[in-house]
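Listed here are the chains, written in short residue letters.
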Amino acid sequence: MTVMNQDVQVAIADNFIESCSKLPVDSREKAFRFLLKFKRNPLGQGANLEKLTMCRDKNLYSARIDKASRAILKKSESGSVLLLLWADTHDEAYRWAQNRVCEINPETGAIQLYTVDEQTIANERAPEETQTGLFANVRDRHLLKLGVPKALLPKIHRMQQKIDLIEAEDEVPRDCFEALTFLADGEPLEDVLLLVDELRGEQERVDTSDFEKALINPYSQQKFYVGPSEKELKAALDAPLEKWRVFLHPSQRKIVQRDWNGPVRLLGGAGTGKTVVALHRAKWLAENRCTADQKILVTTFTKNLATDIANNLAAICLDGQMAHVEVVNLDRWVNEFLQRNNYRFTIDYGKQADELWRKAFESRSDSLDSKFDEKFFREEWANIIQPEEVLTLKEYFKVSRTGRGIRMGRKERKLVWPVFEEYRVLQNERGIREPADAMRDACGLLQHMGKKPFNHVIVDEAQDMSSQAFKLLRTMVDEHPNDIFITGDAHQRIYGRPVVLGRCGIEVRGRSKKLKINYRTTDEIKTWAISVLQGVSVDDLDGGEDRFEQYTSLLHGENPCIRRFENVEKEVEGVVELISALKANGLAQESLCVVARTNSVVDSYGTMLNERGVPTYRILGTAIDERKKQGVRLATMHRVKGLEFDAMIIAGANADMIPNAALTTDDPMVKVSILNKERALLHVAATRAKKYVFVTGYGEQSPFLEM
Ligand SMILES: Nc1ncnc2c1ncn2[C@@H]1O[C@H](COP(=O)(O)OP(=O)(O)OP(=O)(O)O)[C@@H](O)[C@H]1O
């Protein structure tokens, strides 16, 4: 949205929002009022626009926020566009403006903001290409195609190592920094050129003076806030770090703001903004594709993430848009739907399973071989019968059991089948159903009713959902454009099993996308977290393989730190020291999280930390993390899924804990599945960290840490 005023458009740069938040406290409120006034009447007397001389960019202006503070603006030559770039105290604002350039890139058509430093000015006539350095093999014409401003070519050629690029982050335009990071990470030039080309959108010849047109460029919209409402402005100034609320990456925006001719699958590693895209997709559909009585379901695997999504959606949607959206985790939707329709069963999430399996197992035939022990039945149920939806002996004869340790012919299948039947009979007698069965029942009921409760369905955390869940989701919405939108990352699968969307009636071929930039975690943490997944082959939710290609982070920091101690007391003392050091480094204790593998281990670390004077706040299974509550966060590794913290301390990373020694099995298929999930759990825990990861333990070290 651009602000129209007397034929002048005003757009606001992300830097402007951020710099406002750093103004002296009493100037911040004035900055908000300045914005409102400026937006209404940018050329009015109150703004005191003053052209800056002695600046490299000849079209920069200052405007008065209050006595002490100034805003810096770019005015297009035609005068029809004003871009708010920076806010600062008077002298600092002028200093900031000196070497800044804001212009339209002739190749990409994006509005860029960058710095031309003294050394670059001195070297402006440097030889075209150099033989050494980080980008020695990249020709100037290719760098220009990637969006590097001509004035920065000498600077780019001077870069010798990746650290030179990292240090120049604030001086190089954001889009070109991303492309250069991919190159520095070893991505082939052709792939990066393709990526940039794909994202810049449809273009005719670029007119470097047409700022109005350039504001529509997806790369410009990553940086310039085009057309904020008063509510959005206030929200942006109140939470300047929540950039995702308005500044989508072009790759995200292209997925959000368009019609899709059927179901879409969006993959992306941890922290690439999948949830952000799901949120904006819901908003876009509510705003642009819903008639008065139409509904959008936004659903997830866990209740906690559904709560977070509901809160975040409320922050970006207008009330009218929210009225179209129902945010709920799928288990809860199923439960409520079935209860509303007089379901005769209650859904059991595992509490009664032990007892029922014991009884069912007791009913087995005497002639059954002892290798078919109770564990066999439970594993067969969880890995074959339920996921493959085997309901009859006839189906059991046919189902593939490839990979299971015990091979079985027809005779053996017939012999074991009565135990499964008995288990179902016992469930019926108790009036209970497992979640997967309840989903199947809900699916049947919807089909029977001929009802489609939603017009659009958006799914987050898809990697943990079952095939029954996807079949149900397919039944909830008619097949039509924009029907289903699915995001997930199988590298983070810690509950479910692989599914094939195509086998659940969800055809995503030709409508699959991937996000490639990690916004949460530093590159060092991301790289380490990927390395703990070694040997794990990961699916793409549709029967293919997913790999971490072109997955990068633009943030940098320290490598994860692994520390071993003599015993648990020494480890806890080490953790206490870490916490003090992090706090001394300016991190709030609420942004630090200590995780361990199981609830009981988390509890014991909690007690020991409290005894040593560290206040803690336990994030429990079903409750949300109440940010107002004080104390270092304590949680299981499972519980932190979907959350983020400045620092993660993964405690008790011992050989018998990660992987959890209690989860033993002789079955090779189940073993692989358990170990993959245990590795994924460590990956999930590490990728919650924005800045630091520490892995502590005592005694024998977790084998997953041997790299
Ligand atoms: N366009 C953006 N601009 C700024 N920050 C962003 C953007 N997109 C995402 N982020 C930030 O990146 C972080 C990760 O986003 P999000 O939770 O959506 O990722 P995700 O892929 O769902 O992560 P995970 O799979 O690890 O749970 C969040 O802090 C979010 O605010």
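Residues numbered from 1 in each chain as written. Predicted model: local features only at pLDDT ≥ 70, side-chain atom pairs only at ≥ 80, totals over all residues. Heavy atoms only, no water.

Caption draft 1: Inspection of the site of the ligand at higher detail. Not every one of the 19 residues close to the ligand is listed here, only the nearest: Gln252, Lys274, Thr275, Arg520 and Glu644. A distance of 3.0 Å is found between an oxygen atom of the ligand and a backbone nitrogen or oxygen belonging to Gly273. The greatest single-element share of the shell around the ligand, amounting to three residues, is contributed by helix α14 (residues 274-288). (Near = heavy atom within 4 Å. Polar contact = N/O pair within 3.5 Å; in protein donor to acceptor, adjacent residues only side chain to side chain. Helix = DSSP H or I, 4+ residues; strand = E, 2+ residues; numbered from the N terminus.)

Caption draft 2: Just helix α26 (residues 599-611), in detail. Between its terminal C-alpha atoms α26 stretches 18 Å, which fits the 18 Å expected from 13 residues at 1.5 Å a residue. Along α26, the residues classified as buried are Val601, Val602, Tyr605, Gly606, Met608 and Leu609. Residues of α26 that are buried sit in contact with α25 (568-584), β21 (592-596), β22 (616-618), β23 (632-636) and β25 (689-698). Phi turns positive one or two residues past the end of α26, at Gly613, with a value near 85°. (Expected span 1.5 Å × (residues − 1). Buried < 20%, exposed > 50% of the residue type's maximum accessible area, 1.4 Å probe, protein only. Contact = heavy atoms within 4.5 Å.)

Caption draft 3: Quick look at the nonpolar core. Formed by 54 residues in total, the largest nonpolar core has its most connected members in Ile579, Val594, Val595, Leu609, Ile650 and Leu682. Among the elements of the structure, α24 (523-531), α25, β21, α26, β23, β24 (645-650), α27 (668-686) and β25 are those that each provide at least two residues to this core. In this structure, Val594 is in contact with Val575, Ile579, Leu609, Val632, Arg633, Leu634, Ala635, Ile649 and Ala651, ignoring residues within four places of it in sequence. Of all hydrophobic cores here, the second largest spans 39 residues; its members include Tyr343, Val459, Ala462 and Val536. (Core = buried A, V, L, I, M, F, W, Y, C linked by side-chain atoms within 4.5 Å.)

Caption draft 4: Seen up close, empty space enclosed by the protein. Counted according to the given criterion, the structure contains four cavities of 30 Å³ or more. Taken as a whole, the largest cavity spans an internal volume of roughly 80 Å³. What lines the largest cavity is Asp14, Ile17, Tyr225, Ala235, Ala236, Ala239, Pro240, Glu242, Lys243, Arg245, Val246 and Phe247. Elements with a contribution of two residues or more to the lining of the largest cavity: α1 (14-21) and α12 (230-238). Here the lining of the largest cavity is composed, by residue class, of eight nonpolar, no polar and four charged. Looking at the second largest cavity, its volume works out to about 60 Å³. (1 Å grid on protein atoms, 1.4 Å probe; cavity = no way out; pocket = protein on both sides within 12 Å on 5 of 7 lines; lining within 4 Å. Points joined across faces, edges and corners; volume = space filled by probe spheres on them. Nonpolar A, V, L, I, M, F, W, Y, C, P; charged D, E, K, R; others polar.)

Caption draft 5: Molecular detail of the sheet that holds strand β10 (residues 264-268). Read from one edge to the other, the open sheet built from six strands follows the order β12-β11-β15-β16-β10-β17, with strand pairing classed as parallel. Each edge of the sheet is formed by a strand with only one pairing partner; in this case those strands are β12 (325-327) and β17 (512-515). Here the strands of the sheet are splayed against their neighbours by 15° on average, with no regard to which way each runs. Here helix α15 (residues 303-316) sits on the sheet in contact with β11 (296-299) and β12, set at roughly 150° to β12. (Pairing = 2+ DSSP bridges. Axes fitted to C-alpha atoms, helices over the stretch in contact; angles between N-to-C directions.)

Caption draft 6: Broad picture of the pattern of salt bridges. What the rule picks out here adds up to 46 salt bridges. Residue Asp483 is joined to Arg474 by a salt bridge in which the shortest nitrogen-to-oxygen separation is 3.1 Å. Like Asp483, the residue Arg474 is buried in the burial classification. (Salt bridge = Lys/Arg side-chain N within 4 Å of Asp/Glu carboxyl O.)

Caption draft 7: Looking closely at the UniProt feature "binding site: ATP" (unreviewed entry) in the protein. Taking the numbering used here, the UniProt-annotated feature "binding site: ATP" (unreviewed entry) corresponds to Gly268, Gly269, Ala270, Gly271, Thr272, Gly273, Lys274 and Thr275. Judged by its relative accessible area of 9%, Lys274 falls in the buried class. Residues in contact with Lys274, not counting those within four places in the same chain, are Leu266, Leu267, Gly268, Gly269, Thr487, Gly488, Asp489, Gln492 and Leu515. Side-chain polar atoms of Lys274 contact the backbone oxygen of Gly269, separated by 3.0 Å. Relative to the helices and strands, Thr275 resides in helix α14. Thr275 sits in the partly exposed class, given a relative accessible area of 26%. (UniProt positions renumbered as here; feature names shortened; annotations may be inferred.)

Caption draft 8: Examining the confidence of the model for the protein more closely. Mean pLDDT for the protein: 91, with 96% of residues reaching 70 or above. Across the predicted assembly, pTM comes out at 0.91 and ipTM at 0.99. (pLDDT = per-residue confidence, 0-100.)

Caption draft 9: Inspection of unusual backbone geometry at higher detail. The omega torsion of the bond from Ile658 to Pro659 falls at 5°, within 30 degrees of zero and hence cis. Assignment of secondary structure puts Pro659 in the loop between β24 and α27. Here the phi dihedral of Asn342 falls at roughly 55°; this positive angle occurs in a residue that is not glycine. Secondary-structure assignment places Asn342 in the loop between α17 (330-340) and β13 (346-347). Even without glycine at this site, Leu541 takes up a positive phi of about 70°. Following the sequence through the fold, Leu541 ends up in the loop between α24 and β19 (552-553).

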